[in-house]
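In case you want the letters, here they are:
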Amino acid sequence: MSAALSLTPHHQRLQALVGAWRGEEEMSATQWAPAGRASAKVEAMAEFDGLFVVQHYRQTRDGQESFASRNVFGFDQADGLTKMFAFDSMGFFPAGPASGSWDGDRLVLERSSPRGAARVTYTIDGPDGYRTRLEFKPAGSENWQDMAKGTFRRVSPSQTTL
């Protein structure tokens, strides 16, 4: 790795997401899905010597895969913000990444689209756990709505195959 691409402490913070994880989620009723419980598998790996973290997420409800995503996290040295590009099984192409920063053990990322704004929060609970909260604010609204809350536990320090 060249000196110009050395990891900053911001890059290193993202390494907390690396590994294989299993979680339980509480889903709120939304325009896309009914309320209920879900289970999820997450595998995240460091790429390019830790400059990025690539996360593979699969959610299951009632024994069927109900949602999947691929997320790419990185730190943008130009603006000092953590970024997450998200591609998912709903098929909406992201206009840009979610952006945000760490506040203690919480990473809060937001992005906007013509449909509204989305906010995801990752709260690190030590080396073997984290919690997620996904919120949505429809276009024209001032109110955030809960979409999902999850609790994840590490099952392996490195990625495996889903």
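As the structure is a prediction and not an experimental result, all values here were calculated from the model. (Residues numbered from 1 in each chain as written. Predicted model: local features only at pLDDT ≥ 70, side-chain atom pairs only at ≥ 80, totals over all residues. Heavy atoms only, no water.)

Asker: Account for the nonpolar core, naming residues and giving values.
Answerer: Residues Leu17, Phe73, Met84, Tyr122 and Tyr130 are the most contacted members of the largest nonpolar core, which totals 21 residues. Of all the elements in the fold, those that place two or more residues in this core are strand S2 (36-47), strand S3 (52-61), strand S5 (81-88), strand S6 (98-103), strand S7 (106-113) and strand S8 (116-124). Once residues lying within four places of it in the same chain are set aside, the contact partners of Tyr130 are Leu17, Trp21, Val42, Gln55, Tyr122, Thr123, Ile124, Asp125, Gly150, Thr151, Phe152 and Arg153. (Core = buried A, V, L, I, M, F, W, Y, C linked by side-chain atoms within 4.5 Å. Buried < 20%, exposed > 50% of the residue type's maximum accessible area, 1.4 Å probe, protein only. Helix = DSSP H or I, 4+ residues; strand = E, 2+ residues; numbered from the N terminus. Contact = heavy atoms within 4.5 Å.)

Asker: I'd like a description of the sheet that holds S7, backed by residues and values.
Answerer: Strand order in this closed barrel of 10 strands is S1-S2-S3-S4-S5-S6-S7-S8-S9-S10, and the pairing throughout is antiparallel. Neighbour-to-neighbour, the strand axes of the sheet open up by a mean angle of 25°, direction not taken into account. For strand S1 (residues 19-27) and strand S10 (residues 145-156), the ladder comprises eight bridges, and the chain directions are antiparallel. Within S10, the position partnered with Glu26 by the bridge is Lys149. (Pairing = 2+ DSSP bridges. Axes fitted to C-alpha atoms, helices over the stretch in contact; angles between N-to-C directions.)

Asker: Requested: an account of the pattern of salt bridges, with residues and values cited.
Answerer: Taken as a whole, this structure holds 11 salt bridges when the rule is applied. Taking the shortest distance from any N to any O, the salt bridge between Glu110 and Arg119 comes out at 3.4 Å. What makes Glu110 partly exposed here is its relative accessible area of 35%. Three or more residues joined by partner-sharing salt bridges are found here, namely Glu110, Arg119, Arg133, Glu135, Asp146 and Lys149. (Salt bridge = Lys/Arg side-chain N within 4 Å of Asp/Glu carboxyl O.)

Asker: Explain the packing of aromatic side chains to me, and be specific about the residues and the numbers.
Answerer: Under the definition given, this model contains six aromatic pairs. Ring geometry for Phe48 and Phe52: centres 6.2 Å apart, planes at 85°, overall edge-to-face. Relative to Tyr122, the ring of Phe73 lies with its centre 5.6 Å away and its plane at 80°, an arrangement referred to as edge-to-face. Within this pair, whereas Phe73 is found in strand S4 (residues 64-76), its partner Tyr122 is found in strand S8, the two being separated by 49 residues in sequence. You can call Tyr122 buried: its relative accessible area is 5%. Members of the aromatic cluster, each reached through a chain of ring pairs, are Trp21, Phe73, Tyr122, Tyr130 and Phe152. Note that Arg119 overlies the ring of Trp144, its terminal NZ or CZ placed 4.0 Å from the centroid. (Phe/Tyr/Trp six-rings, centres within 6.5 Å; stacked < 30°, edge-to-face > 60°. Lys NZ or Arg CZ within 6 Å of the ring centre and 35° of its normal.)

Asker: Describe the environment of Val155, naming the residues involved and giving the relevant values.
Answerer: Examined against the element boundaries, Val155 turns out to sit in strand S10. The spatial distance from the C-alpha of Val155 to the C-alpha of Asp128 is 8.2 Å, given a sequence separation of 27 residues. For Val155, the residues in contact, after removing those within four places along its chain, are Ala20, Trp21 and Arg22.

Asker: I'd like a rundown of the layout of surface pockets, residues and numbers included.
Answerer: A water-sized probe rolled over the atoms picks out the places where empty space is left. Counted as a void, the largest pocket has a volume near 1,000 Å³. Around the largest pocket, the lining is made up of 44 residues, and of these Phe67, Asp88, Met90, Leu134 and Met147 lie nearest the centre. Split by residue class, the lining of the largest pocket holds 24 nonpolar, 12 polar and eight charged. (1 Å grid on protein atoms, 1.4 Å probe; cavity = no way out; pocket = protein on both sides within 12 Å on 5 of 7 lines; lining within 4 Å. Points joined across faces, edges and corners; volume = space filled by probe spheres on them. Nonpolar A, V, L, I, M, F, W, Y, C, P; charged D, E, K, R; others polar.)

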